[in-house]
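Next come the chains, spelled out residue by residue.
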Amino acid sequence: MSFNLFQILSHMGPLGMVIAGFLIVMAIACIGVVIERLVMLSRAKKESRAFAADAKLLIDEWCMDELAKVAKERVHSPLAGLLGAVAARYAHAIQHRSGGMKAAELARNEAERAKEAVGEDLRRGMSILATTGSIAPFIGLLGTVVGIIAAFQGIAASGSGGIGAISAGIAEALVETALGLLVAIPAVLMFNFLTGRINTLELALSRSVGELLDEMEDHDGDESGQRLAAAA
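Description of the structure in this document. Everything quoted here is computed from the prediction, not taken from an experiment.

With that settled, the discussion passes to the overall build of the protein chain. Within the protein chain one finds 7 helices and 0 strands. Moving toward the C terminus, one meets the helices and strands of the protein chain in the order α-α-α-α-α-α-α. For the protein chain, the residues scored as buried account for 34% of the 232 residues in total. In the protein chain, of all internal contacts separated by at least 6 residues, the share reaching a separation of at least 24 is 82%.

What follows is the structure, encoded as structure tokens:
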């Protein structure tokens with residue numbers, strides 16, 4: 001007796017169907033995460049380029065308040081979120097000077113916190129891909145074991161044996177393993193691909209915020225020198 005995939009799935013027992021359904025749900029969730037992350041990265045790249053052009057002019061004019069305001073308008077840009085948070089902290093420190101820390105030092109501390117927040121946002125949903133890639137093969141194997149047990153139980157109940165009696169049951173069981181691998185392999189591939197894209201983006205963000213922090217420290221040094229010269 002020949003079986004196609006849909007016939008095999010339709011002949012599965014209740015527990016096998018539950019396992020197969022769970023794998024299908026995991027596959028759908030992974031597809032949703034991949035599409036959402038790809039759209040997010042594409043939008044982030046586009047908006048970050050637009051923000052970078054505006055930010056360069058504002059940094060040249062040293063308008064940190066205005067830089068923070070412009071950054072708030074680019075809600076889908078991780079670069080805007082990072083530089084905007086740093087610029088806002090720096091501007092607030094300049095306007096309300098208190099304590100022994102320089103504005104650039106406060107901005108550097110804010111940059112570390114902002115990078116953590118941006119990194120967490122960039123990796124949102126990635127745990128679904130990682131989890132699916134790790135456990136989907138084992139779930140498929142569980143379905144295979146359950147299916148083989150059910151096949152041998154059928155043999156015991158009917159009292160007949162032979163390869164013909166159990167081939168259909170084994171085929172149904174092995175579909176679970178194949179389904180688990182079909183779900184896990186693309187999940188791992190897309191997890192690695194997206195992780196590479198995100199790591200590259202994070203490196204670019206770190207360089208950008210590092211350059212801004214260097215400018216802030218240099219600007220603080222110039223202001224301190226001017227105040228000392230004026231006092232003398």
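Moving on, we come to the packing of helix α3 (residues 64–73) against helix α4 (residues 78–95). Here α3 crosses α4 at 145°, and the two axes come no closer than 8 Å. Classified by chirality, the crossing of α4 by α3 is left-handed. Contact with α3, carried on its side by M64, D65, L67, A68 and A71, involves A80, G84, A87, A88, Y90, A91 and Q95 of α4 and no other residues of that element. Of the residues assigned to the contact of α3 with α4, the class counts are 9 nonpolar, 2 polar and 1 charged.

It is worth spelling out the environment of E176 at this point. Tracing the chain through its elements places E176 in helix α7 (residues 163–231). Owing to a relative accessible area of 1%, E176 belongs among the buried residues under this scheme. E176 sits 160 residues away from G16 along the chain, and the two C-alpha atoms are 7.8 Å apart. Leaving out residues up to four positions away in the same chain, E176 has contacts with M12, G16, M17, I19, A20, L23, G140, G143 and T144.

So, about the environment of R124. Residue position: R124 is located in the loop between α5 (103–122) and α6 (126–158). Judged by its relative accessible area of 43%, R124 is partly exposed. Sequence spacing of R124 and R37 is 87 residues, and the spatial spacing of their C-alpha atoms is 8.2 Å. If near-sequence neighbours (up to four positions away) are discounted, R124 is found in contact with E36 and R37.

Let us look at the packing of helix α2 (residues 14–60) against α4. Two quantities define a packed helix pair, namely the angle between the helix axes and the distance between the axes. Orientation of α2 relative to α4, taken along the N-to-C sense of each, is 45°, at an axis distance of 7 Å. The orientation of α2 relative to α4 falls into the category oblique. Contacts between α2 and α4 pair A44, S48, F51 and A52 from the former with P78, L79, A80 and L83 from the latter. Split into classes, the residues belonging to the contact of α2 with α4 amount to 7 nonpolar, 1 polar and no charged.

With that settled, the discussion passes to the side chain of R37. Summarising the element assignment, R37 is placed in helix α2. Relative accessible area serves as the criterion here: at 1%, R37 is assigned to the buried category. Polar contacts involving the side chain of R37 include one to the main-chain carbonyl oxygen of D121, which spans 2.9 Å. Each residue touching R37, except ones within four places of it in the same chain, is listed here: D121, L122, R123, R124, M126 and L194.

Cut-offs applied
Residues numbered from 1 in each chain as written. Predicted model: local features only at pLDDT ≥ 70, side-chain atom pairs only at ≥ 80, totals over all residues. Heavy atoms only, no water. Helix = DSSP H or I, 4+ residues; strand = E, 2+ residues; numbered from the N terminus. Buried < 20%, exposed > 50% of the residue type's maximum accessible area, 1.4 Å probe, protein only. Contact = heavy atoms within 4.5 Å. Axes fitted to C-alpha atoms, helices over the stretch in contact; angles between N-to-C directions. Left-handed = near helix turned anticlockwise from the far one by under 90°. Nonpolar A, V, L, I, M, F, W, Y, C, P; charged D, E, K, R; others polar. Parallel < 35°, antiparallel > 145°, perpendicular 65-115°, else oblique. Polar contact = N/O pair within 3.5 Å; in protein donor to acceptor, adjacent residues only side chain to side chain.

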